[in-house]
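# Close look at the chain arrangement
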Amino acid sequence: MIFFRVLFQTVVLALGQIWANKMRAILTTLGIIIGVAAVIAVVGAMSGLRGFVLKEFETFGAKKMFIWGWVPRELRTTISWDDVRINLDEIRLLQEHADAIDILTPTGDARYDITAGRVTQKGALVTGIWPEWHEIENRLVTRGRPFFRIDMDERRQVCLINDKAIEELELPREPVGQFIDIKGRRFLIVGIVETKETSPMFGGGDSQSEIYIPFETSYQMNPYNWIDCIAQLRDPKMAEEGREEVRFVLRKARGLGPEQEDTFRIEVLQSIIDQFNKMAAGITAIAGGVVSIALLVGGIGIMNIMLVSVSERTREIGLRKAVGARPAIILNQFLVEAVVLCLVGGLVGVVLGQAATLGLRVSNPEAMSRASVPPWAVIVAVAFSGATGVIFGMFPAIKAARLDPIEALRHE
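Residues numbered from 1 in each chain as written. Predicted model: local features only at pLDDT ≥ 70, side-chain atom pairs only at ≥ 80, totals over all residues. Heavy atoms only, no water.

Right, let's get into the packing of helix α4 (residues 88-97) against helix α9 (residues 239-254). α9 packs onto α4 with a crossing angle of 135 degrees between their chain directions and a minimal axis gap of 10 Å. Taken together, the axis directions place α4 and α9 in an arrangement best described as oblique. As α4 packs across α9, the resulting crossing turns out to be right-handed. On α9, the residues that touch Glu90, Leu93, Leu94 and His97 of α4 are Val246, Val249, Leu250, Ala253 and Arg254. Classifying every residue of the contact of α4 with α9 by side-chain character gives six nonpolar, one polar and two charged. (Axes fitted to C-alpha atoms, helices over the stretch in contact; angles between N-to-C directions. Helix = DSSP H or I, 4+ residues; strand = E, 2+ residues; numbered from the N terminus. Parallel < 35°, antiparallel > 145°, perpendicular 65-115°, else oblique. Left-handed = near helix turned anticlockwise from the far one by under 90°. Contact = heavy atoms within 4.5 Å. Nonpolar A, V, L, I, M, F, W, Y, C, P; charged D, E, K, R; others polar.)

On to the packing of aromatic side chains, then. In the structure shown here, the tally under the stated rule is four aromatic pairs. Between Trp133 and Tyr212, the ring centres sit 4.5 Å apart and the planes meet at 40 degrees, which makes this aromatic pair tilted. Separated by 79 residues along the polypeptide, Trp133 in helix α5 (residues 133-137) and Tyr212 in strand β8 (residues 211-214) bring together distant segments of the chain. Since its relative accessible area comes to 4%, Trp133 is described here as buried. With relative accessibility at 7%, the residue Tyr212 sits in the buried group. Ring pairs connect the aromatic residues Trp70, Trp81 and Trp226, which therefore count as one cluster. Positioned above the aromatic ring of Trp70, the side-chain terminus of Arg265 is 4.0 Å from the ring centre. (Phe/Tyr/Trp six-rings, centres within 6.5 Å; stacked < 30°, edge-to-face > 60°. Buried < 20%, exposed > 50% of the residue type's maximum accessible area, 1.4 Å probe, protein only. Lys NZ or Arg CZ within 6 Å of the ring centre and 35° of its normal.)

Moving on, we get to α9. Here α9 spans 22 Å end to end across 16 residues, near enough to the 22 Å set by a 1.5 Å rise per residue. For α9, the full list of buried residues reads Ala239, Gly242, Arg243, Glu245, Val246, Val249, Leu250, Arg251 and Arg254. (Expected span 1.5 Å × (residues − 1).)

At a closest axis distance of 7 Å, the pairing of helix α12 (residues 327-363) and helix α14 (residues 375-401) adopts a crossing angle of 150 degrees. Classified by the angle between their axes, α12 and α14 sit roughly antiparallel to one another. In this structure, the crossing between α12 and α14 has a hand that is right-handed. In the contact of α12 with α14, the residues fall into 20 nonpolar, seven polar and no charged.

The subject of this paragraph is unusual backbone geometry. Backbone geometry places Glu170, a non-glycine residue, at a positive phi of 55 degrees. A relative accessible area of 63% means that Glu170 is categorised as exposed. Positive phi, normally seen in glycine, also occurs at Lys183, with a value near 55 degrees. With respect to the helices and strands, the residue Lys183 is situated in the loop between β6 (179-182) and β7 (185-193). We classify Lys183 as partly exposed; its relative accessible area is 46%.

The structure is reproduced here in structure tokens:
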């Protein structure tokens with residue numbers, strides 16, 4: 001009980017000393033304030049950026065896997081891109097033997113002239129897909145129906161379009177049941193697929209007209225078209241497992257030896273997310289290193305001002321020792337004063353860092369809407385401030401505690 005009372009009195013005394021020398025205290029703790037404010041602002045900004053990026057990946061599909069043919073650099077004079085193109089047999093093998101994959105679809109893009117009545121759109125993008133595409137891309141059919149497996153098997157000339165295509169082809173507001181010509185073939189519009197805005201982060205922006213046809217129909221129209229494969233993993237945690245299964249199946253299907261490079265590429269969004277999280281952690285660690293330098297400078301300032309304080313109050317220290325104050329009490333007084341000084345600077349830095357984070361949210365609400373300072377950052381910042389006070393206040397406190405009372409009373 002006595003200990004806490006003494007500690008409370010010491011803290012009050014320390015706050016009185018800070019208030020009596022306000023300008024000196026502000027200048028002394030400037031390094032602490034800047035360091036803590038910087039780390040709070042950086043952590044807040046990184047949390048906002050991380051939230052924004054992860055939100056974009058979430059809408060894009062974290063479980064997605066992209067597979068496409070690839071010619072290694074050293075083989076580009078011996079094999080062509082047509083030789084490495086993903087084919088339907090390989091996609092079916094993946095469907096059967098890659099257990100980590102839930103569903104998949106081949107995709108084939110081509111540009112054809114589209115005619116609807118008197119309107120012709122030159123070089124419009126037409127994509128061949130399987131029905132699984134809707135679930136993988138999370139693109140629902142808002143009117144009409146999606147593709148069915150029978151559309152694939154019978155190579156039906158049916159298509160899905162989005163709202164932008166309705167506008168550009170000047171189709172009726174309810175175009176389901178209407179016909180359009182694709183490469184001179186008559187296609188029945190069976191559904192309207194929702195238009196999904198792609199983030200500029202993924203090369204998107206303004207929505208464009210989209211036309212989808214059954215993949216087998218697309219393949220029949222152009223069997224030499226480039227084919228990609230989009231798959232959906234059963235679980236994002238199976239990213240590496242899925243990658244290795246796909247690699248094993250494709251290497252075996254292509255007869256590649258142990259020393260031969262892959263003639264395909266595999267990209268999993270979850271892997272990119274993991275890399276981004278590591279990068280964000282690295283940036284935060286670097287920021288912490290920079291801030292530690294600011295805290296070091298601030299700590300040196302604290303030690304310097306505490307040495308000045310000991311020198312100014314030498315007679316006071318001698319008087320207290322003469323009336324019975326033990327060295328431990330003197331040491332505790334100056335050490336607490338240094339810690340309180342650092343904690344006050346740390347709290348001011350936290351407030352400024354919070355204000356900077358709020359400013360980021362207001363100035364860029366789209367990207368920084370999730371910017372916030374987590375409680376752990378505040379706790380760490382305050383703890384480091386307190387630790388700086390202990391480390392750099394110890395030497396002046398020890399010096400004060402070791403003063404000889406007689407010599408101290410004689411000090412001018």
